[in-house]
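# Overview (structure and organization)
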Amino acid sequence: SQFDDMIGEFYGRALANLFSIQNVERYNSSSNNAAEAQYYVHIPYENKATLLDAHKLFLSGLRGQHNASHPIRWAKEAVDFLHPDSDSNCECFKRVVFCGYSVYQQRENYTLWPGKYIDSFGVESCRGGSGNPYACDAYDRLRSALLYNIGSQYHDIDGMIVNRRREVLSSQNLIDGNYTGDTSEWTFVGLAQRSSRRRWINMPSVMNACREEFAGGGVVIVEVNVEHTSTPSEQFLLHRSLDAMVGVHGAQLTQGVLLPPYSHILELLPWVPSYARGDWVTWTSSPTPLGVIFHNTDLNHFGYKLGRCSVPLCEGEPVDKERECFEKEENSRQWNWDTRNFLVEPRV
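Residues numbered from 1 in each chain as written. Predicted model: local features only at pLDDT ≥ 70, side-chain atom pairs only at ≥ 80, totals over all residues. Heavy atoms only, no water.

## A short note on the overall build of the chain
Short version of the rule: What counts as a helix is a DSSP run of H or I of at least four residues, what counts as a strand is a run of E of at least two, and both are numbered from the N terminus. Buried means the residue's accessible area, taken with a 1.4 Å probe over protein chains only, is under 20% of the maximum for its type, while exposed means over 50%, and partly exposed covers the values in between. Pairs of residues are marked as contacts when any of their non-hydrogen atoms sit within 4.5 Å. Only the protein chains shown count as cover for residues, with accessible areas throughout obtained via the Shrake-Rupley method and a probe of 1.4 Å.
Helix and strand counts for the chain stand at nine helices and nine strands. Evaluated residue by residue, the chain yields a buried proportion of 44% over its 348 residues. In the chain, of all internal contacts separated by at least 6 residues, the share reaching a separation of at least 24 is 66%. For the chain, the accessible surface area stands at approximately 18800 Å², while carbon and sulfur atoms represent 48% of it.

This is the structure we're talking about:
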């Protein structure tokens, strides 16, 4: 489907439906061949055709699933399947099924284009479709399966989490070498950061302000930036060691689904005035297109609208001149919600 290179879109569009396809009763088969199903992820953009560590991490949570009728045996880039390096890599398949594509026909030729969505299997109400949105449990089932299956890949996941938390506490001089506790007396809050667009500009000052505010109160503030991790496992441990996560609307919050049960996630919503594109990222009466992945799970998910002061652009302009200033061509990257960087007041 479209936008599979963006991890939030991949999770909400492709992974949720792939998980449902594995488990929906109508796809069950009495044939032993069901276990031989192979899945390939196609990212249809030549400059972004490689799976990220986050793709691999989430897909690893579907492989060998203990309750799936169609476990993932292989889950990798479709480029391996569509464009093998040599004849020796060619494989024969009894049946090939393409999901998430639109078909363009010109005479006898057919072209596959990435579709907007993979056909939904149980996630319609989560996205505001017909029915009772509170009946939607697709993302809850997906999260539960991921936590179980990824956690099962480690011999002592609980011990690894404690060790990671101890390392963070030690680096902030909150414990010394004599500490032998399990760190449960501490609350770990992660502030989600990105390295390029939609950066949280003043995160260092916010972290300092929070540490002063909660000094001696058992709260630990850490930066969470998956671009600074080197393996899928590191991403998993980074998020499993948190109790809460705060970040601006965007893909950097996606791995929040890996937080421990009953954790808290605060999604900071971009300021988008009525005349600008992107009102869907400001919703508080229903989940945003990203927030839907936390919908009806055990996670406590909240949205908080940022104000005009979060946009460091056209400052000092009279209110009646702001729109003209915002919409200047040279300001587009700093103005459009999906490319701009953000200021967040510490009081938030």
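## Looking at the layout of surface pockets
In plain terms, the rule: Buriedness for pockets is judged along seven lines, at least five of which must meet protein on both sides within 12 Å for an open set on the 1 Å grid over protein atoms alone, while cavities are sets there where a 1.4 Å probe fits but cannot get out, and lining residues have an atom within 4 Å of a point. Grid points are joined across faces, edges and corners, and a volume is the space filled by probe spheres set on the points. The residue classification treats Ala, Val, Leu, Ile, Met, Phe, Trp, Tyr, Cys and Pro as nonpolar and Asp, Glu, Lys and Arg as charged. All others, Gly included, are polar.
In this structure, the second largest pocket spans a volume of roughly 990 Å³. Lining the second largest pocket are 37 residues, with Met 6, Ile 7, Arg 194, Arg 197 and Ala 251 positioned closest to its centre. It is helix α1 (residues 7-23) that provides the largest number of residues to the lining of the second largest pocket, a total of four residues. Here the residues of the lining of the second largest pocket sort into 13 nonpolar, 13 polar and 11 charged.

## Some words on the packing of α1 against helix α2 (residues 53-60)
Helix-helix packing: each pair is described by the crossing angle between the helix axes and the interaxial distance. How we decide: Lines fitted to C-alpha atoms define the axes, with helix axes restricted to the stretch in contact, and inter-axis angles between N-to-C directions lie between 0 and 180 degrees. Relative orientations are named as follows: roughly parallel for angles under 35 degrees, roughly antiparallel for angles over 145 degrees, roughly perpendicular for angles from 65 to 115 degrees, and oblique for any other angle. Crossing chirality is assigned from the near helix's rotation relative to the far helix, an anticlockwise turn below a right angle marking it left-handed and a clockwise turn marking it right-handed.
Where α1 meets α2, the axes come as close as 11 Å, and the angle between the chain directions of the two elements is 25 degrees. As summarised for this structure, α1 and α2 are arranged roughly parallel, according to the angle between their axes. Crossing handedness for the pair α1 and α2: right-handed. Of the residues in α2, those touching α1 at Ile 7, Phe 10, Tyr 11, Leu 15 and Leu 18 are Ala 54, His 55, Phe 58 and Leu 59. Here the contact of α1 with α2 is built from residues that sort into eight nonpolar, one polar and no charged.

## Here's the deal with the sheet that holds strand β6 (residues 219-224)
Operational definition: DSSP-based pairing: two strands are paired if at least 2 bridges between them are found.
If you trace the five strands from one edge of the open sheet to the other, you get β6-β5-β7-β8-β9, paired in parallel fashion. At either margin of the open sheet sits one strand with a lone partner, and together these are β6 and β9 (300-305). Averaged over all neighbouring strand pairs, the angle between strand axes comes to 20 degrees, with direction disregarded. In the sheet, strand β5 (residues 187-192) pairs with β6 via six bridges, with the strands oriented parallel. Its bridge partner lying in β6, Gly 190 is registered against Val 222.

## A closer look at unusual backbone geometry
Glycine aside, residues mostly have negative phi angles, and peptide bonds mostly take the trans form. Positive phi values are uncommon outside glycine, yet Thr 183 reaches one of about 70 degrees. In this structure, Thr 183 sits in the loop between α5 (157-171) and β5. With a phi close to 60 degrees, Arg 198 is a non-glycine residue in the positive phi region. Inspection of the secondary structure puts Arg 198 in the loop between β5 and α6 (203-213).

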